[in-house]
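Notes for the structure review
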Amino acid sequence: MALTWRSFDFFESTPITPSDPSSRSFFENPSGFSQSIASVCSGSESLFLGGFDGTVRIIGPNFKILRQFTAYDNGSSVTHMRQVEGTSLLVTIGEGGAGEDLEPGQPVIKVWSLDKVNKKDGAPGLLSTVVVNNGKRPFPISAFTATEDLTQLAVGFANGAVVVIRGDLIHDLGTKQRVIYESDEPITGVEMHVEQGVGLTTLFVATTARVLKVVISGKGHGQPPKTVEDEGCGVGCMVVDRRTGEIVVAREDAVYYYTLEGRGPPTAYEGAKKLVAVYGDYVALVSPPTPAGETDTMRRRFFGGAADSIYTFTLIHPDLRIIAHSETVLADVKHIFALWGDLYMLTLDGKIFRYHEKTLQQRLDMLYQRNLYTLAVDLAQKCGMDAQQQNVIYRKYGDYLYQKGNYDEAMTQYIKAIDSTEPSQVIRKFLDTQRIHNLIEYLEELHEHHKATSDHTTLLLNCYAKLKDIDKLEKFIKSEGDLKFDLDTAISMCRQGGYYEQAAYLAKKHGEHDLVVDILIEDSKAYNEALDFIWHLDPDTAHPCLMKYARVLIEHCPSDATQLFIDYYTGKYKPRVDIPVTAEATPATANGGFAAGAASAVSNLSSLLPLPYMNTTVVANNNNANAKPTVGDLAIKQEVIAIKYTPPKPRTAFSSFIDHPDEFIIFLEACLQDDALSKEDKTDIYTTLFEMYLHKSNEKKSDSHREKWEAKAKSLIEADKSLPLTQEKPQIENSNVLLLSHLSNFRDGTSLVKEQSGLLFDIFRSYTSAKDTKGAIKALAKYGPEEPQLYPAALSYLTSDAKILDEAGPDELASVLEKIDKGGLMAPLQVVQTLSKNSVASMGMIKPYLAKRIEAERLDIQENKRVVNQFRTETLARRQEIADLGGKPAVFQATRCGQCSGALELPVVHFLCKHSFHRRCLRVTGLGNADNGEDVGECPICAMDNATIRALKKSQEENAERHDLFRADLEGSEDRFRTAAEWFGRGVMGGTAGVE
């Protein structure tokens, strides 16, 4: 099936009239022009016309003849020319001339330098001349080509011969000629293909029956020509595409392309071709008039007799299969050339036509009018239009398809234009439920191109949710590479749609650890997984997550959550790490037993929610569907790694254990084992633990339960007595203990604090104010020896109410009275006054006390009388002894020395105290020297007692003036009369004179 060509008018055709009069007269003389112009070529911004008279004319812009010179003056015609682009070199071939050194019709090649001028005739400089040898056979040249450096030329003759000329024609250093091909078929075209850098030159030769190629230099040189195609072409129907190096051959059925590898894909375009040229992406074709008998009536009627000489000029775009321009020409076309940025056509009658390509936008508008958007895209790409401008075409194409109801193809075009299209313009068109798949496709591409906003992400996830397409949802969120969507929006939408696992995966993948915990706890209610996830985090990240959901985790995972708190707050926290366990696959695994099921479960969990520090090879192995799973690949073993961090203060965790006293107590007790705790933290923990013990004691009504927890509470405040001095004692402020004990009705705590503070009377008073008789009696028995004043208070309490007395019993009252009596804490009168305040105690109860007290008073009176009589007798005896010493002689009857116990020998010293001593013994004592008449002083035996008496007397005299001592002793005395009597007896209230 032949492909259809689409016709457009991409070129503006304009006939050209030279502005210069002489040039205009030359071109406008049809008969003169056709008879004078033998060849045409262009290059280096100039047009060259070769004449039959051997003249070369150089045409400049506006087709003004700039210069002309005679190239051949021997009657030769300039049948072929070649201008080397970018240089001043011009190659001409003259034929038909005669000369002494030339055979009739033998061609001559000349190389001219246009920038050099011959001073004689003004002609360009002639660089070299070469006579082409065709075996002395006068056949015209039908084709000619040359390399850019003019080192190789190829000349084709009408007799089927091809001559290659090699040498330096520019410097005229000599040439060599060789006939490389001969046949019976005329040569219709020769073109060269030069591979730069390789030095390989291949000559393509076309005849009327075939196309051949032959290597004329480089590797393969000298080999016979190879047939490329067993079909030839006409003269003028072979040209080289300078951009690609391809050889273009025009035949009636198509335009063919040849390379060194052979024939390429042809472009089918039927019709006779007389001339071919390449202009950019276009191929210019000239078709000869239709043979007689084939011209339609309308054409003949319109053109009349000239209908048989009408040529057709066509510009086609082979790649796009476009006829870019087509027009009829009423004269034969001499030459087609590209010059000055446009394409020109020169006819035999001297008319010139310029073909200017319309702008790309004009060409695209033509395609838009015919809805040929695909062709417009291809044209834009061929013209090198940038991607943003191409997107306009895609968008227009999408709008066209959308209007036709072809939504799938329309979306394809919108996606192609996604980079420069406002997404809302497209999205609004596909909000219908029936087009949701197209909308999903567009939104996915927006994310792929990183052009999606949070609203686009929200809309896409809503579409997934509406279709319940979990596979696409997971593929979207698990896409590799950079993040293509707004993370917060995606997570939020997954949570709203109930896709908690996907939301957790997203949060984990992008390091949003707090969001992972939020999802696991608030949405999935997977408390154990949340706790385990926190346990995998580093300390700085784990702490905020743990504190945020501490109460929830302790509520649902009390044991593990408490242990995590203990580890973290005692500095022992170590993040867990999951690593694969290497092991051989067991038969149970191979048979799909329990191990295989467990491994599969772990694999699914790890692939969905990879934990921190998880070995990535595990996930990679799990994603390998072709690998046979083994226990070594799928089993997970948890290890811990140590990370240094500073544990927070324990009090920051206290609020987390509200309504969970058991776990709180475990936490507090564990924290106390941490040696790194500060004194302040220990005080907080001890105080809080004391409170929790009391709280637990009041939870149940049973006495055993209460006693158990009260004993623990009591142990905290008693600990300071049992701990050694080297160990730091718990510091619980007494005010806190008192307050907490009062709130919890824990009297032992109150008592212990008061006991430690020395407030024993307050302890007893607390029991009496609470009417706790047993507690009061117990406190009296415990603290009475230390605080005797408790007994008078106890007496008042026991006799304050009959019920209290009955509860205590008469024995307890008797015991109190006994303590009071023994301690002399109250006078009998005070006791009687205390008991007489109410009618609780009877005389029978205090009769034993009174009887005992009276008897004791009687005995005391008798003893006092005896002592008085004894002191009186001793006083009289001392007075008599003093009188005798002063008025009667003393008799010394001692026979032995009081110092050495030896028999007395004169000289002897006697003392009035009846002690006698040797004089020598007194010298030994150092009391004096009796031999020299010194006064010995006093008896050595009585000296110590006398010194004591003198010291006492001196002390009494000094104290007589210290009234503060007397007053203090008197105020602190229980019997002030006795105290005053004692001070009077010491002689401190009388005169200071006395007997020594």
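Further up the page is the structure itself.
These numbers were taken from a predicted model, which means no experiment stands behind them.

Reading the values: rules and limits
- Residues numbered from 1 in each chain as written.
- Predicted model: local features only at pLDDT ≥ 70, side-chain atom pairs only at ≥ 80, totals over all residues.
- Heavy atoms only, no water.
- Helix = DSSP H or I, 4+ residues; strand = E, 2+ residues; numbered from the N terminus.
- Buried < 20%, exposed > 50% of the residue type's maximum accessible area, 1.4 Å probe, protein only.
- Contact = heavy atoms within 4.5 Å.
- Areas by Shrake-Rupley, 256 points an atom, 1.4 Å probe, with all protein chains shown as cover.
- Patch = residues over 30% accessible without salt bridge, like charges linked within 9 Å, V, L, I, M, F, W, Y side chains within 5 Å.
- Salt bridge = Lys/Arg side-chain N within 4 Å of Asp/Glu carboxyl O.
- Phe/Tyr/Trp six-rings, centres within 6.5 Å; stacked < 30°, edge-to-face > 60°.
- Pairing = 2+ DSSP bridges.
- Axes fitted to C-alpha atoms, helices over the stretch in contact; angles between N-to-C directions.
- Lys, Arg positive; Asp, Glu negative; His and termini not counted.
- Polar contact = N/O pair within 3.5 Å; in protein donor to acceptor, adjacent residues only side chain to side chain.
- Parallel < 35°, antiparallel > 145°, perpendicular 65-115°, else oblique.
- Left-handed = near helix turned anticlockwise from the far one by under 90°.
- Nonpolar A, V, L, I, M, F, W, Y, C, P; charged D, E, K, R; others polar.
- Core = buried A, V, L, I, M, F, W, Y, C linked by side-chain atoms within 4.5 Å.
- Expected span 1.5 Å × (residues − 1).

As for the overall build of the protein chain
In terms of helices and strands, the protein chain carries 38 helices and 34 strands. Looking at the protein chain as a whole, 43% of its 996 residues are labelled buried. Nonlocal contacts in the protein chain, meaning residues at least 24 apart in sequence, comprise 52% of its contacts between residues at least 6 apart. In the structure as shown, the protein chain presents an accessible area of about 53100 Å², 51% of it carried by carbon and sulfur atoms.

Quick look at a nonpolar patch on the surface
Side chains of Leu885, Phe892 and Leu912 sit close together on the surface and give an oily, nonpolar patch of about 260 Å² of accessible area. Along the chain, Phe892 turns up in the loop between helix H34 (843-887) and strand S33 (908-910).

Here we look at the pattern of salt bridges
Counted according to the given criterion, the structure contains 21 salt bridges. Between Glu881 and Arg878 there is a salt bridge, with its nearest N and O atoms 4.0 Å apart. Taken together, the positions of Glu881 and Arg878, both in helix H34 and three residues apart, correspond to about one turn of that helix. Overall, the relative accessible area of 54% leaves Arg878 in the exposed class. Taken together, the shared-partner salt bridges in this structure form one network comprising Asp241, Arg243 and Asp281.

Points about the packing of aromatic side chains
Considering all chains together, one arrives at 32 aromatic pairs under this definition. Measuring from centroid to centroid gives 5.5 Å for Phe63 and Tyr344, while their planes differ by 70 degrees, and the two rings are edge-to-face. You can see Phe63 sitting in the loop between strand S5 (55-59) and strand S6 (65-70) and its partner Tyr344 sitting in strand S29 (residues 342-347), a full 281 residues away along the chain. Judged by relative accessible area, which is 2%, Phe63 ranks as buried. Judged by relative accessible area, which is 5%, Tyr344 ranks as buried.

A closer look at unusual backbone geometry
Of note, the amide linkage connecting Leu906 to Pro907 takes the cis form, showing an omega dihedral of -5 degrees. Along the chain, the position of Pro907 falls in the loop between H34 and S33. If you check the backbone angles, Arg321 has positive phi at about 55 degrees while not being a glycine. The buried category is assigned to Arg321, whose relative accessible area is 14%. Look at His450: it is not a glycine, yet its phi comes out positive at around 55 degrees. Among the structural elements, His450 can be located in the loop between helix H9 (436-448) and helix H10 (454-467).

Thoughts on the sheet that holds strand S30 (residues 352-357)
Strands pair in a sheet through their backbones, by hydrogen bonds, and they do so in one of two ways: parallel or antiparallel. Ordered in space as S2-S30-S29-S28, the four strands form an open sheet in which the pairing is antiparallel. Each end of this open sheet is capped by a strand with a single partner; those strands are strand S2 (11-16) and strand S28 (333-339). Strand-to-strand twist in this sheet, taken as the mean axis angle between neighbours without regard to direction, amounts to 20 degrees. Examined bridge by bridge, S28 and S29 share six bridges and lie antiparallel to one another. Directly across from Ala338, in S29, lies its bridge partner Leu343.

Structural notes on the side chain of Glu95
Locating Glu95 in the fold gives a position in strand S8 (residues 89-95). Despite its burial, Glu95 remains without a salt bridge, the nearest opposite charge being carried by Lys334 at 11 Å. Among the polar contacts made by the side chain of Glu95, one reaches the side chain of Thr79 at a distance of 2.6 Å. Within polar-contact distance, the side chain of Glu95 engages the backbone nitrogen of Ile141 at 2.7 Å. The residues contacting Glu95, other than those within four sequence positions of it, are Gly75, Ser76, Ser77, Thr79, His80, Pro107, Phe139, Pro140 and Ile141.

Some thoughts on the packing of helix H4 (residues 360-369) against helix H5 (residues 373-382)
Running from N to C, H4 and H5 point in directions that differ by 160 degrees, and their axes come no closer than 8 Å. By the criterion of interaxial angle, the relationship of H4 to H5 is roughly antiparallel. Between H4 and H5 lies a crossing whose hand is right-handed. Contacts between H4 and H5 involve Leu360, Arg363, Leu364, Leu367 and Tyr368 on the former and, on the latter, Tyr373, Leu375, Ala376 and Leu379. Its residues assigned to classes, the contact of H4 with H5 shows eight nonpolar, no polar and one charged.

Comments concerning the nonpolar core
Core analysis: the biggest nonpolar cluster contains 129 residues, and Phe10, Phe313, Ile336 and Phe667 have the highest contact counts within it. Among the elements that take part in this core, helix H24 (residues 679-697) stands out by supplying seven residues, more than any other. When neighbours within four sequence positions are excluded, Phe667 is seen to be in contact with Thr562, Phe565, Ile566, Tyr569, Pro650, Ala653, Phe654 and Phe657. The next biggest cluster of nonpolar side chains, apart from the first, holds 26 residues, and it includes Ile820, Leu835, Ile846 and Leu850.

Describing the environment of Lys525
Relative to the helices and strands, Lys525 resides in the loop between helix H14 (513-523) and helix H15 (527-535). Among the polar contacts made by the side chain of Lys525, one reaches the main-chain carbonyl oxygen of Glu522 at a distance of 3.1 Å.

Re H24
Helix length check: H24, at 19 residues, gives a terminal C-alpha distance of 27 Å against a target of 27 Å (1.5 Å per residue), a fit within 8%. Of all 19 residues in H24, 14 are buried, a share of seventy percent or more.

Remarks on the pairing of strand S17 (residues 211-217)
The buried fraction of S17 is high, at five of seven residues. When strand S16 (residues 200-207) meets S17, the two strands line up antiparallel, connected through six bridges. Pairing of Thr201 across the sheet is with Ser217, part of S17. Following S16, the chain reverses through three residues before pairing antiparallel with S17. By the bridge criterion, three bridges tie S17 to strand S18 (residues 226-229) in an arrangement that is antiparallel. Counted as the bridge partner of Leu212 is Thr227 from S18.

Describing the environment of Ser309
Along the polypeptide, Ser309 turns up in the loop between helix H3 (297-303) and strand S26 (311-317). Considered as a pair, Ser309 and Asp332 are 23 residues apart in the sequence and their alpha carbons are 7.7 Å apart. The residues contacting Ser309, other than those within four sequence positions of it, are Pro289, Val329, Leu330 and Ala331.

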